[in-house]
Amino acid sequence: MARTAGSLCTGYGGLDLAVESVLGTELAWVSEVDPSACAILDARYPGVPNIGDLTAIDWGAVRPFGSLRG
C-alpha cells in the first residue's frame, strides 16, 4: 500500500515526481490553474484530480492526503 500526498501550487509536477520516487507516495490530487501546467499534469498523472484554485476549494470535499491507498 502506498501513502498518498496532495500537491498545492503543483506546477508541472517536478517536485511531486521526486517525492514519489524517494518516499513511494502516490498523488491523491493536485492544485494548479495554469493551462500549460495543467496539460502536463493531465499527461503525467492521468486520473489524478486537479482541484483547481486553492483559494476557492471546499476543503471539506477534498480527499485527505496521508491516507493509504491499496
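Residues numbered from 1 in each chain as written. Predicted model: local features only at pLDDT ≥ 70, side-chain atom pairs only at ≥ 80, totals over all residues. Heavy atoms only, no water.

Time to look at the overall build of the protein. Assigned secondary structure in the protein consists of two helices and three strands. Starting at the N terminus and walking to the C terminus, you meet the elements of the protein as β-α-β-α-β. Over its C-alpha trace the protein gives a radius of gyration of 12 Å, about what one expects of a compact globule, namely 11 Å for 70 residues. Its C-alpha atoms give the protein principal-axis dimensions of about 30 × 25 × 15 Å. Counting the 70 residues in the protein, one finds 31% classified as buried. Of the contacts made within the protein by residues no fewer than 6 positions apart, 46% connect residues no fewer than 24 positions apart. As presented, the protein carries roughly 4300 Å² of accessible surface, and 61% of it is formed by carbon and sulfur atoms. Counting 4 positive and 8 negative side-chain charges, the protein places the centres of these two groups 11 Å from one another. (Helix = DSSP H or I, 4+ residues; strand = E, 2+ residues; numbered from the N terminus. Rg over C-alpha atoms; globule rule 2.2 N^0.38 Å. Buried < 20%, exposed > 50% of the residue type's maximum accessible area, 1.4 Å probe, protein only. Contact = heavy atoms within 4.5 Å. Areas by Shrake-Rupley, 256 points an atom, 1.4 Å probe, with all protein chains shown as cover. Lys, Arg positive; Asp, Glu negative; His and termini not counted. Charge placed at Lys NZ, Arg CZ, Asp CG, Glu CD.)

So, on to the packing of aromatic side chains. All told, the structure shown has one aromatic pair when counted by the stated rule. Each ring, one from tryptophan 29 and one from tryptophan 59, has its centre 5.8 Å from the other, and the planes form 65 degrees; the classification is edge-to-face. Pair noted here: tryptophan 29 is in strand S2 (residues 26–31) and tryptophan 59 is in the loop between helix H2 (35–44) and strand S3 (68–69), with a separation of 30 residues, a long-range link. On the basis of relative accessibility, which here comes to 3%, the residue tryptophan 29 falls in the buried class. (Phe/Tyr/Trp six-rings, centres within 6.5 Å; stacked < 30°, edge-to-face > 60°.)

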